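Here are the chains, one letter per residue:
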Amino acid sequence: MAKYLVILNPTADRGEAGKREPDVRALFEKYDLDYELVTTTHIGHAMEITAQALADQIPYIIAGGGDGTSNEIINGMMLEKAATGRTAVLGVLPIGRGDDFAYSMGVPTE
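These notes cover the structure that comes with them.

About the criteria used
- Residues numbered from 1 in each chain as written.
- Predicted model: local features only at pLDDT ≥ 70, side-chain atom pairs only at ≥ 80, totals over all residues.
- Heavy atoms only, no water.
- Pairing = 2+ DSSP bridges.
- Helix = DSSP H or I, 4+ residues; strand = E, 2+ residues; numbered from the N terminus.
- Right-handed = clockwise from strand over helix to strand, strands pointing away.
- Phe/Tyr/Trp six-rings, centres within 6.5 Å; stacked < 30°, edge-to-face > 60°.
- Buried < 20%, exposed > 50% of the residue type's maximum accessible area, 1.4 Å probe, protein only.

1. Description of the pairing of strand β4 (residues 89–94)
Link 1 in the chain: In the sheet, strand β3 (residues 60–65) pairs with β4 via six bridges, with the strands oriented parallel. Counted as the bridge partner of I62 is G91 from β4.
Link 2 in the chain: Handedness of the crossover is the feature at issue here: the chain leaves β3, passes through helix α4 (residues 67–84), returns alongside β4, and the resulting connection is right-handed.

Structure (structure tokens):
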């Protein structure tokens, strides 16, 4: 089981985020991190993936996308915490169009 789960929304930033998948993989491989990258396929999918990740006790969930991706993952984490008490650390790779959430949390864009 991977320690880091990257949930990548390939449609973020009008489809540009999907083109960044090789860059995201290279970043995790550069630091020899144990990760799995899953791409979303529909609205709500990031919430579903998050619920499964928490059930699998993955300690780090990384949102790769924009505000919508982060929002779905946070909502999934909140629902799971309320239902089961399970939680994880959230990371954000701001590769969406606006990235207002990442900006407001002080996440560097580079």
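What follows continues from the structure just given.
2. Some words on the packing of aromatic side chains
Link 1 in the chain: Counted by the stated rule, this structure contains three aromatic pairs.
Link 2 in the chain: Geometrically, the ring pair formed by Y4 and F28 is edge-to-face, given 6.1 Å between the ring centres and 65° between the ring planes. On the criterion of sequence distance, the pair formed by Y4 in strand β1 (residues 4–8) and F28 in helix α2 (residues 21–30) is long-range, its members being 24 residues apart.
Link 3 in the chain: We classify Y4 as buried; its relative accessible area is 18%.
Link 4 in the chain: Relative accessible area serves as the criterion here: at 6%, F28 is assigned to the buried category.

Nothing here speaks to function; it is all geometry.
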